[in-house]
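Notes for the structure review
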Amino acid sequence: MKHIYKFADIPVEIKHRGQYFYDCCVDYLAENEKPQFSIMATDEDLAFEQSQAEENIEFSKSYLEFIALYRKFCEKVLDYGVVLCHGSVVELKDKAYMFTAPSGTGKSTHARMWREHFGNQVTMINDDKPLLRFREDGVYAYGTPWDGKHHLSTNKCAKLAGICFLHQAEKNSIEKISSEESVSLLLNQIYRPHNTEKLMKTLEYADRLISEVPMYVMGCNISEEAAEMAYNAMK
């Protein structure tokens, strides 16, 4: 199968073997647009993705293709000012807020607190692997179909107002952090290619993110108060 999709406003021709990729990405079809490039996943690419699986979990070839194609896309769009960052992104009043942390820490739970507290004012842009694109007027967060186990995402974008690094705590607290404090925290969550040239470009984008987007650290519990505090600090 071969279709044109658009992620982070970049049209791409993608050749895929099965229906799984199409079903996941149907909301991102852009058949009338001219693709910027073309990608496909080989058997070697699928084998690589399987080798990255934790706890020796065996994935279907269709799922491995889905992941492999995203890796290829993310490495290609570094040339277009786009990076992948692990996190949950919510949109409120036309601004995007990203929450990131090691898996299992509670970023998805915190994003859920925003939805429960602010109701339909909040849109879930992406709950796991959003794309961040640099524009002349700032950095924008984009929804993608690679959206975590809860499959929460929307095909839209919003200007990124802040990135918050979460950790669990009994009492809620949040503070803005310096560029120096942000470096290691961000590098743990941004996708880093194995290719040296692409890695250097990713590091340049990480530096730009730190200089252009406010960074915060938050200790939070599972409460709507945490959502209110985070918004008041970051808005």
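Going by the structure above, here's the rest.
Anyway, here's the lowdown on the structure attached to this text. Given the structure is predicted, the values throughout are model-derived calculations rather than measurements. (Residues numbered from 1 in each chain as written. Predicted model: local features only at pLDDT ≥ 70, side-chain atom pairs only at ≥ 80, totals over all residues. Heavy atoms only, no water.)

Comments concerning the packing of aromatic side chains
Worth spelling out the cut-off: Any pair of Phe, Tyr and Trp rings, taking the six-membered ring for Trp, is counted once the centres come within 6.5 Å. Such a pair is stacked with planes under 30 degrees apart, edge-to-face with planes over 60 apart, and tilted for the rest. The helix and strand labels rest on DSSP assignments: H or I over at least four residues marks a helix, E over at least two residues marks a strand, and numbering proceeds from the N terminus. Residue burial is assigned from relative accessible area. The probe radius is 1.4 Å, only protein chains are included, and a residue is buried under 20% of its type maximum, exposed over 50%, and partly exposed in between. For a lysine, the NZ atom is tested; for an arginine, the CZ atom; a charge sits over a ring if that atom is within 6 Å of the ring centre and within 35 degrees of the ring normal.
Enumeration over the complete set of coordinates arrives at 22 aromatic pairs. A ring pair is formed by Phe 21 and Phe 66, whose centres lie 5.9 Å apart and whose planes are at 65 degrees; its orientation type is edge-to-face. Of this pair, Phe 21 sits in helix 1 (residues 19–25) while Phe 66 sits in helix 3 (residues 61–76), and the two are 45 residues apart along the sequence. The exposure classification of Phe 21 matches that of Phe 66, with both residues buried. Aromatic pair Tyr 63 and Phe 66: ring centres 6.4 Å apart, planes at 45 degrees, arrangement tilted. One end of the pair is Tyr 63 and the other is Phe 66, both in helix 3 and 3 residues apart, which spans about a single turn. Among the residues examined, Phe 66 registers a relative accessible area of 4% and is labelled buried. Over the ring of Phe 37 we find Lys 76; its NZ or CZ atom is 5.8 Å from the centre of that ring.

Observations regarding unusual backbone geometry
Of note in the backbone geometry, Ala 8 takes a positive phi value of approximately 55 degrees without being a glycine. By the element assignment, Ala 8 lies in the loop between strand 1 (2–7) and strand 2 (10–15). At Lys 93, a position not held by glycine, the phi torsion is positive, near 55 degrees. Here Lys 93 shows up in the loop between strand 5 (88–92) and strand 6 (95–100).

Structural notes on the nonpolar core
Put simply, the test is: Here the nonpolar core consists of buried residues drawn from Ala, Val, Leu, Ile, Met, Phe, Trp, Tyr and Cys, with membership extended through side-chain atoms lying within 4.5 Å. For this analysis, residues touch if any pair of their heavy atoms sits within 4.5 Å.
Among the nonpolar cores identified, the biggest contains 28 residues, and Phe 7, Ile 14, Phe 21, Phe 73 and Leu 131 are the most heavily contacted of them. At the level of secondary structure, the elements contributing two or more residues to this core comprise strand 1, strand 2, helix 1, helix 3, strand 4 (82–84) and strand 9 (138–142). Those residues in contact with Phe 7 that sit more than four places away from it in its chain are Val 12, Ile 14, Cys 25, Tyr 28, Phe 73, Leu 131, Pro 145 and Trp 146. Val 83, Ala 96, Leu 186 and Leu 209 belong to the second largest nonpolar core, which has 25 residues in total.

Quick notes on helix 4 (residues 107–118)
Test applied: The span one expects for a helix is its residue count, reduced by one, times 1.5 Å. This arc describes the spread of directions from the helix axis toward the C-beta atoms.
Here helix 4 is 12 residues long and its end C-alpha atoms lie 17 Å apart, about the 16 Å a rise of 1.5 Å per residue gives. Taken residue by residue, helix 4 has Lys 107, His 110, Ala 111, Met 113, Trp 114 and Phe 118 as its buried positions. Seen from one end, helix 4 has its buried residues packed into an arc of 150 degrees, which puts them on one side. Looking at the buried side of helix 4, the elements it contacts are strand 5, strand 6, strand 7 (122–126), strand 10 (157–168), strand 12 (215–220) and helix 7 (224–234).

A closer look at the environment of Lys 149
For Lys 149, the position within the fold is in the loop between strand 9 and strand 10. With 22 residues separating them along the chain, Lys 149 and Asp 127 place their C-alpha atoms 8.6 Å apart.

What to know about the packing of helix 2 (residues 43–51) against helix 3
Quick note on the threshold: In this description, a line fitted to the C-alpha atoms serves as the axis of each element, helices being fitted only across the stretch in contact, and the angle between N-to-C directions of two axes falls anywhere from 0 to 180 degrees. Just so you know how the angles are binned, under 35 degrees is roughly parallel, over 145 roughly antiparallel, 65 to 115 roughly perpendicular, and the rest oblique. Each residue receives one of three labels: charged for Asp, Glu, Lys and Arg, nonpolar for Ala, Val, Leu, Ile, Met, Phe, Trp, Tyr, Cys and Pro, and polar for the others, Gly being one of them.
Taken N-terminus to C-terminus, the directions of helix 2 and helix 3 make an angle of 95 degrees; their axes are 9 Å apart at the nearest point. Taken together, the axis directions place helix 2 and helix 3 in an arrangement best described as roughly perpendicular. Contacts from Asp 45, Leu 46, Phe 48, Glu 49 and Gln 50 of helix 2 reach helix 3 at Lys 61, Leu 64, Glu 65, Ile 67, Ala 68, Arg 71 and Lys 72. In the contact of helix 2 with helix 3, the residues fall into 5 nonpolar, 1 polar and 6 charged.

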